[in-house]
Amino acid sequence: MLTTCSKMVRQLLQPIEEKAITSSDLGDAFPPNCTDDALNGEDDEIPIVDYSMLINFDNPAQRSSAIENLSKACLNYGFFIVKNHGIADNLITRVYEGLLAFFDLAEEEKRQYETISPSDRIRWGKGDTNHVSREFLKIAAHPQFHCPTKPLGLGEVLQEYSQNLREVGLELLRGIEKSLGLEDLYIEKTMKLGTGYNFFTANDYPQRLHSQKRIGQFPHCDPSLLILLIQNVGGGLQLEHRGKWLNANIEPSWIIVNVADHLEILTNGKYKSALHRVVVNNEERRVTLPMFLGPSLDALVCPSPQFVDENHPPRYVGITYEDYLEANQHHIIEGKSCMQQIRL
Ligand SMILES: O=C(O)CCC(=O)C(=O)O
Ligand SMILES: [Fe+2]
């Protein structure tokens, strides 16, 4: 029944053509002349969540205060920095080293991952136009973990990091469901997180020698429930907050988390998917690793009854995570947003 419903929705989705990016597509967020002023972000504060307080179950006052912070951050910003997450600095350093070593491989080694077939769980690509310069590696990490075989050891490091990060992400979701007044494990159960589909996108933005090609990624939102990102050097990522772009000046050992499309759908728009973009730093090569912590591919995601009443009608069509990811002929490793198509 659910599958039929989701299939019908899928047929209703109008394909959006993917097109090459040109300067005329830059929109308000990136005016065609791309002056430095238009690309600059502001250094306002970003909310911080202390993870060690969130998991301090022996100290209810500390845990409540962390949940309160989570709640304000999700409601007023849609993003926050996580400190004291317990993932060893040394493991994070090895992740950056492994990714840099992958991107440093000869191009013919990486090209084997360029194909776009429905069965792909690893995908490599690069873009280098007038405005954008980025190389990426996408890998599915859960329920099955996939990784290129070279460089040696990358798979082990990423898998260990992925397991650690997943635990942090699940704990954050438990805090979030508490902040929303939902029963314990509500998100885990309804989104079938035991088989939750998680993927990574590793991004490599080369250093810039000129003020052009500063755009790493155009403004966008992403699918999944939460996105947990680390970056080897500060600067680059900007998140939209009340009409301003805030610089995510986070240290290599911190995690920046943002609310993504499927938490917006589940909460019927109470928590909003965070709009973000990347404007790269001119001096340093920057590697980032967001993890997209999502529902199970077969989970039907629709506004939960707790957020729907006479005054708050459902704002989104229910659709399985898999159908959402595959809308517009995208494959599930692509991770493209299609919120505008499911808004009611
Ligand atoms: O590299 C970044 O800072 C952000 C990456 C991102 O937004 C993405 O890969 O979807
Ligand atoms: Fe993104």
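Note: the structure precedes this text.
We now turn to the structure provided with this report. Since this is a predicted model, take the numbers as computed values, not measurements. (Residues numbered from 1 in each chain as written. Chains lettered and ligands numbered in written order. Predicted model: local features only at pLDDT ≥ 70, side-chain atom pairs only at ≥ 80, totals over all residues. Heavy atoms only, no water.)

Before going further, it helps to spend a moment on the overall build of the protein chain. A tally of helices and strands in the protein chain yields eleven helices and 14 strands. Here the protein chain holds 344 residues, and the buried ones make up 53% of them. In the protein chain, 77% of the contacts between residues at least 6 apart in sequence involve partners at least 24 apart. Of the roughly 15700 Å² of accessible surface on the protein chain, a fraction of 49% belongs to carbon and sulfur atoms. (Helix = DSSP H or I, 4+ residues; strand = E, 2+ residues; numbered from the N terminus. Buried < 20%, exposed > 50% of the residue type's maximum accessible area, 1.4 Å probe, protein only. Contact = heavy atoms within 4.5 Å. Areas by Shrake-Rupley, 256 points an atom, 1.4 Å probe, with all protein chains shown as cover.)

With that out of the way, let us pick up unusual backbone geometry. A cis geometry characterises the amide bond from His-142 onward to Pro-143, with omega recorded as 5°. For Pro-143, the location among the structural elements is in the loop between strand S4 (133–142) and helix H7 (154–179). Here the residue pair Lys-150 and Pro-151 is connected by a cis peptide bond, since its omega of -5° sits within 30 degrees of zero. With respect to the helices and strands, Pro-151 occurs in the loop between S4 and H7. With a phi close to 50°, Lys-192 is a non-glycine residue in the positive phi region. With respect to the element layout, Lys-192 can be found in the loop between helix H8 (186–190) and strand S5 (196–205). Its identity as a non-glycine residue notwithstanding, Asn-268 has a phi of 55°, on the positive side. Summarising the element assignment, Asn-268 is placed in the loop between helix H9 (261–266) and strand S11 (276–279). On the basis of relative accessibility, which here comes to 5%, the residue Asn-268 falls in the buried class.

Turning our eyes to something else, we now look at the nonpolar core. If you look at the biggest cluster of nonpolar residues, it comprises 68 residues, and the most contacted ones within it are Tyr-161, Leu-172 and Ile-187. With ten residues, the top contributor of residues to this core is H7. If near-sequence neighbours (up to four positions away) are discounted, Ile-187 is found in contact with Leu-173, Glu-177, Leu-182, Lys-192, Leu-193, Leu-225, Leu-263 and Leu-266. Within the second largest apolar cluster, 15 residues are counted, among which are Ile-46, Trp-254, Ile-256 and Val-278. (Core = buried A, V, L, I, M, F, W, Y, C linked by side-chain atoms within 4.5 Å.)

All right, on to the coordination of the iron ion (ligand 2) then. The coordination sphere of the iron ion (ligand 2) contains the protein donors His-220 (NE2), Asp-222 (OD) and His-276 (NE2), at a distance range of 2.1 Å. Mapped onto the sequence, the donors of the iron ion (ligand 2) take the spacing H-x1-D-x53-H. Of this pair, Asp-222 sits in the loop between strand S6 (215–220) and strand S7 (226–231) while His-276 sits in strand S11, placing them 54 residues apart in sequence. Residue class for His-276 comes out buried when judged on its relative accessible area of 7%. (Donors = N, O, S within 2.8 Å, 3.2 Å for Na, K, Ca; no water.)

The N-to-C vectors of helix H4 (residues 60–76) and H7 enclose an angle of 80°; their axes lie 9 Å apart at closest approach. One element, H4, and the other, H7, form an angle in the roughly perpendicular class. Here Arg-63, Ile-67, Leu-70, Ser-71 and Cys-74 of H4 lie close against H7, whose contacting residues are Leu-172, Gly-175, Ile-176, Lys-178 and Ser-179. Classifying every residue of the contact of H4 with H7 gives five nonpolar, three polar and two charged. (Axes fitted to C-alpha atoms, helices over the stretch in contact; angles between N-to-C directions. Parallel < 35°, antiparallel > 145°, perpendicular 65-115°, else oblique. Nonpolar A, V, L, I, M, F, W, Y, C, P; charged D, E, K, R; others polar.)

Looking now at the packing of aromatic side chains. For the structure on display, the rule yields six aromatic pairs. Ring centres of Tyr-77 and Phe-79 lie 5.6 Å apart, and the angle between their planes is 80°; this geometry places the pair in the edge-to-face category. Of the residues examined, Tyr-77 reaches a relative accessible area of 28% and is grouped as partly exposed. One aromatic cluster is present, formed by Tyr-197, Phe-199, Phe-292 and Tyr-321 through successive ring pairs. A cation over an aromatic ring shows up here: Lys-138 above the ring of Phe-136, its NZ or CZ 5.2 Å from the ring centre. (Phe/Tyr/Trp six-rings, centres within 6.5 Å; stacked < 30°, edge-to-face > 60°. Lys NZ or Arg CZ within 6 Å of the ring centre and 35° of its normal.)

With that settled, consider the sheet that holds strand S8 (residues 237–241). Across the sheet, which stays open at both edges, the four strands sit in the order S6-S11-S8-S9 with antiparallel pairing between neighbours. Only two strands of the sheet have a single neighbouring strand rather than two, namely S6 and strand S9 (244–247). When strand polarity is set aside, the average angle formed by the axes of neighbouring strands in this sheet is 30°. In this sheet, S9 lies alongside S8 in antiparallel orientation, the contact comprising four bridges. Note that in S9 the partner of Glu-240 across the bridge is Trp-245. (Pairing = 2+ DSSP bridges.)

One open sheet holds the eight strands; their spatial order is S1-S2-S10-S7-S12-S5-S4-S3, and the pairing between them is mixed. Edge positions in the open sheet fall to strand S1 (48–50) and strand S3 (122–128), since each of these has one partner strand only. Strand after strand, the sheet turns through a mean of 25° between neighbouring axes, direction not considered. Two elements, S4 and S5, share seven bridges in a ladder whose sense is antiparallel. When the bridges of S5 are listed, Phe-136 appears paired with Asn-203. Sheet contacts for helix H5 (residues 89–103): S3, S4, S5, S7 and strand S12 (286–296); angle to S12, the most-contacted strand, approximately 105°.

Shape is all these values report; function is a separate question.
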